[in-house]
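Residue-level structure breakdown
Below are the chains, spelled out letter by letter.
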Number of protein chains: 2
Amino acid sequence: MVTESTRLSAQDWAKAALKAIAGGGLAAVAVEPLARTLGVTKGSFYAHYRNRDELITAALTEWARTHGDAGLAHFAAIADPAERLRELLTAVVRSVQPLAPSVHLSLLGDRNDPRVKDVVRQVNRARLDLLTRTYRELGLPPKRAESRARVAYAAILGLSHLAQTDPDAPRAAVLADEAAAIFLP
Amino acid sequence: MVTESTRLSAQDWAKAALKAIAGGGLAAVAVEPLARTLGVTKGSFYAHYRNRDELITAALTEWARTHGDAGLAHFAAIADPAERLRELLTAVVRSVQPLAPSVHLSLLGDRNDPRVKDVVRQVNRARLDLLTRTYRELGLPPKRAESRARVAYAAILGLSHLAQTDPDAPRAAVLADEAAAIFLP
DNA sequence: CCAATAGGATACGGTGCCGTATTGATACGC
DNA sequence: GCGTATCAATACGGCACCGTATCCTATTGG
């Protein structure tokens, strides 16, 4: 735990909210239960946010920031497109393994909430753009680069989806090979 | 509306529950709101189910039935594996377009609920098995058939995910071509 | 046509959560 | 050290939903 100090900050509440989202969607972002897991009463929550909605917005914004362009900077900086793509794929396959609860997947359950839809669209777009650019730099014509990126990203999302429900070890190595064979050329 | 008769049945409640799930996950399965949309009061609900949990279980079971082996029967009956695969892909790409709320996606938000996890695993397994079998019949060695099926199915799931948040017309034709180019050989 | 029964209406108590005071404690600038 | 801002505890009213109990109505089979 990083939060070993005595008092809580707005950030702490936002992080707790994200953890709650990963576990049970927006419905799990409830002030009183969150306060209980944080070891305080809800009274102090309203010192940081005006209401539950503000907390949700803050948490979603934080997520979009760290998972959009910001989270992609490391990969975007790789000059060689082939290596960049390889890095992206292996990073994904590695991150697919752990049963780490995924905010992204949980948000699918709340995709009707306009804020959620916005934020998910943002993150998806950032990733799709990077992938599309990469495929273009690899020589694919624009149109094909775009649809190829779309299918590849879709596969990535789907794999993380399957990893959450399937208990069978997805055998990262095998999957990485398969994904590489399919999406690298 | 099919339900033009006067009185409601347990099935009607289950269908309404599924619609609610597609719209807002398990949290949206609430007796009183459902009763309101059905034009009755909740008093009559308890003539069909003992409690909310029983309704949820019934709805999930119904979904698993229609989306597992039962829903795949039509495709499983196609003898030629190449044609079967093509049919599967085009069916998917076509179904990806409409913004039809998807129960499957909404359930991702509630994947921690053991009942949900079970039912999603069931459906995924049925589809993965069919795909794996198809790839084997196309000549792939068992191991590769399995991981190929996994990636292909992941792409399918991911495409339906993207279709829900992206307003850009996913250009079914383009996607179908791309998917075919990637997953057919 | 008349029970018996399945579906429906109303009303009630209980629970969990939201948001608002209000008051108390603790850090920190000065 | 002292006050001021910030975090925290307690207590309250309100709302939405669950589940039960009770009574009502309309089919429907005989």
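Criteria and thresholds
- Residues numbered from 1 in each chain as written.
- Chains lettered and ligands numbered in written order.
- Predicted model: local features only at pLDDT ≥ 70, side-chain atom pairs only at ≥ 80, totals over all residues.
- Heavy atoms only, no water.
- pLDDT = per-residue confidence, 0-100.
- Helix = DSSP H or I, 4+ residues; strand = E, 2+ residues; numbered from the N terminus.
- Near = heavy atom within 4 Å.
- Polar contact = N/O pair within 3.5 Å; in protein donor to acceptor, adjacent residues only side chain to side chain.
- Nonpolar A, V, L, I, M, F, W, Y, C, P; charged D, E, K, R; others polar.
- Buried < 20%, exposed > 50% of the residue type's maximum accessible area, 1.4 Å probe, protein only.
- Lys, Arg positive; Asp, Glu negative; His and termini not counted.
- Salt bridge = Lys/Arg side-chain N within 4 Å of Asp/Glu carboxyl O.
- Contact = heavy atoms within 4.5 Å.
- Axes fitted to C-alpha atoms, helices over the stretch in contact; angles between N-to-C directions.
- Parallel < 35°, antiparallel > 145°, perpendicular 65-115°, else oblique.

1. With respect to the confidence of the model for chain A
Chain-level pLDDT for chain A is 87 on average; 89% of the residues reach the 70-or-more range. Averaged pLDDT values for the elements of chain A fall to 74 in helix α9 (residues 172–183) of chain A and rise to 96 in helix α2 (residues 31–38) of chain A.

2. Examining the protein's contact with DNA strand D
Near DNA strand D you find 20 residues, and of these A:Arg7, A:Thr41, B:Val31, B:Arg36 and B:Lys42 are the closest. Backbone atoms, meaning sugar and phosphate, make up 56% of the atoms of DNA strand D lying within 4 Å of the protein. At 2.7 Å, a side-chain N or O of A:Arg7 approaches a base oxygen of DNA strand D. Between DNA strand D and the protein, one listed contact pairs a phosphate oxygen with a backbone N or O atom of B:Glu32 at 3.0 Å. Counting residues per element, the surface near DNA strand D draws most heavily on helix α2 (residues 31–38) of chain B, at four residues. The residue inventory of the surface near DNA strand D, partitioned by class, reads seven nonpolar, six polar and seven charged.

3. Comments concerning the side chain of A:Asp110
All names here are of chain A. With respect to the helices, strands and loops of the structure, Asp110 is situated in the loop between α6 (103–108) and α7 (114–137). No salt bridge is formed by the buried Asp110; the nearest opposite charge belongs to Arg52, separated by 7.8 Å. Beyond its immediate stretch of four places on either side in the chain, Asp110 contacts Gly25, Leu26 and Val116.

4. A look at the packing of helix α1 (residues 10–24) of chain B against α2(B)
Residue and element names in this part refer to chain B. With their axes 11 Å apart at the nearest point, α1 and α2 run at an angle of 110 degrees to one another. What the angle tells us is that α1 and α2 run roughly perpendicular. Facing Trp13, Ala16, Ala17 and Ala20 of α1, the residues of α2 in contact are Val31, Leu34, Ala35 and Leu38. Each residue belonging to the contact of α1 with α2 can be placed in one class, and the counts come to eight nonpolar, no polar and no charged.

5. Side note on the packing of helix α3 (residues 52–67) of chain A against helix α4 (residues 69–76) of chain A
All names here are of chain A. Where α3 contacts α4, the axes come no closer than 3 Å and their chain directions differ by 10 degrees. Between α3 and α4, the crossing angle belongs to the class labelled roughly parallel. Residues Arg65, Thr66 and His67 of α3 form the contact with α4, whose participating residues are Asp69, Ala70, Gly71 and Leu72. Looking at side-chain class alone, the contact of α3 with α4 contains two nonpolar, three polar and two charged residues.

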